[in-house]
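# Structure at a glance
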Amino acid sequence: MQRAEHDDRRPDPGRHEVSVGEPHTSAAGAEAIVTTMTRSLDALGPVRTGRTLLRINQPEGFDCPGCAWPDPAPDERKRAEFCENGAKAVAEEATRSGPIAGSSPSTPWPT
């Protein structure tokens, strides 16, 4: 087997300038919170949004459909124990909008 010669016209994917700094202290910023709330309010309305989001990953609630993290102990959970993607997934599943006429389980859901 012949070895391919290096092509200088293409950058080497292993050569990157990397900057290292202090780790972030939170995963969500203002933009993530606004996006999550906008999608949830559009899909569920204000009352259902509050009731639903406050039950995600709670002992008296339900597990987030997109969460792969282990559940913290009940006394260690925060009231908002979910991420942006989890909240958006729950909003899509809990929406009052029904299936589109003529759709089937194999029909892609519009975004």
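Residues numbered from 1 in each chain as written. Predicted model: local features only at pLDDT ≥ 70, side-chain atom pairs only at ≥ 80, totals over all residues. Heavy atoms only, no water.

With that settled, the discussion passes to the overall build of the protein chain. Helices and strands together make up the secondary structure of the protein chain, namely 3 helices and 0 strands. Across the protein chain, helices and strands are ordered from the amino to the carboxyl terminus as α-α-α. Relative to its full complement of 111 residues, the protein chain shows a buried share of 18%. Long-range contacts, defined here as pairs at least 24 residues apart, represent 50% of the contacts in the protein chain between residues at least 6 apart. Carbon and sulfur atoms provide 54% of the accessible area of the protein chain, an area that totals close to 9,600 Å². (Helix = DSSP H or I, 4+ residues; strand = E, 2+ residues; numbered from the N terminus. Buried < 20%, exposed > 50% of the residue type's maximum accessible area, 1.4 Å probe, protein only. Contact = heavy atoms within 4.5 Å. Areas by Shrake-Rupley, 256 points an atom, 1.4 Å probe, with all protein chains shown as cover.)

Another point: the environment of P59. Inspection of the secondary structure puts P59 in the loop between helix 2 (46-53) and helix 3 (84-94). Along the sequence, P59 and A73 sit 14 residues apart, while their C-alpha atoms lie 9.1 Å from each other.

Our next topic: the nonpolar core. Judged by nonpolar contacts, L53, I56, C64, A87 and V90 together constitute the single largest core of 5 residues. When near neighbours in sequence (up to four residues on either side) are disregarded, L53 contacts M37, S40, F82 and A87. (Core = buried A, V, L, I, M, F, W, Y, C linked by side-chain atoms within 4.5 Å.)

All right, on to the pattern of salt bridges then. By the definition in use, this model includes 2 salt bridges. The salt bridge partner of R79 is E60, with a shortest N-O separation of 3.4 Å. Within this pair, whereas R79 is found in the loop between helix 2 and helix 3, its partner E60 is found in the loop between helix 2 and helix 3, the two being separated by 19 residues in sequence. Among the residues examined, R79 registers a relative accessible area of 45% and is labelled partly exposed. (Salt bridge = Lys/Arg side-chain N within 4 Å of Asp/Glu carboxyl O.)

Now for the confidence of the model for the protein chain. In the predicted model, the protein chain carries a mean pLDDT of 76, and 68% of its residues have values of at least 70. The weakest mean pLDDT in the protein chain belongs to helix 3 at 84; the strongest belongs to helix 2 at 91. (pLDDT = per-residue confidence, 0-100.)

There is a patch of nonpolar side chains on the surface, built from I33, M37 and L41 and spanning about 240 Å² of accessible area. Note on placement: L41 falls in helix 1 (residues 30-44). When its relative accessible area of 37% is taken as the criterion, L41 is described as partly exposed. (Patch = residues over 30% accessible without salt bridge, like charges linked within 9 Å, V, L, I, M, F, W, Y side chains within 5 Å.)

Within the secondary structure, E92 sits in helix 3. Residues E92 and A43 lie 49 residues apart in sequence; the distance between their C-alpha atoms is 6.8 Å.

Turning our eyes to something else, we now look at the side chain of T52. Mapped onto the secondary structure, T52 falls in helix 2. For T52, the side chain forms a polar contact with the main-chain oxygen of R48, separated by 2.6 Å. Residues in contact with T52, not counting those within four places in the same chain, are L44, F62 and V90. (Polar contact = N/O pair within 3.5 Å; in protein donor to acceptor, adjacent residues only side chain to side chain.)

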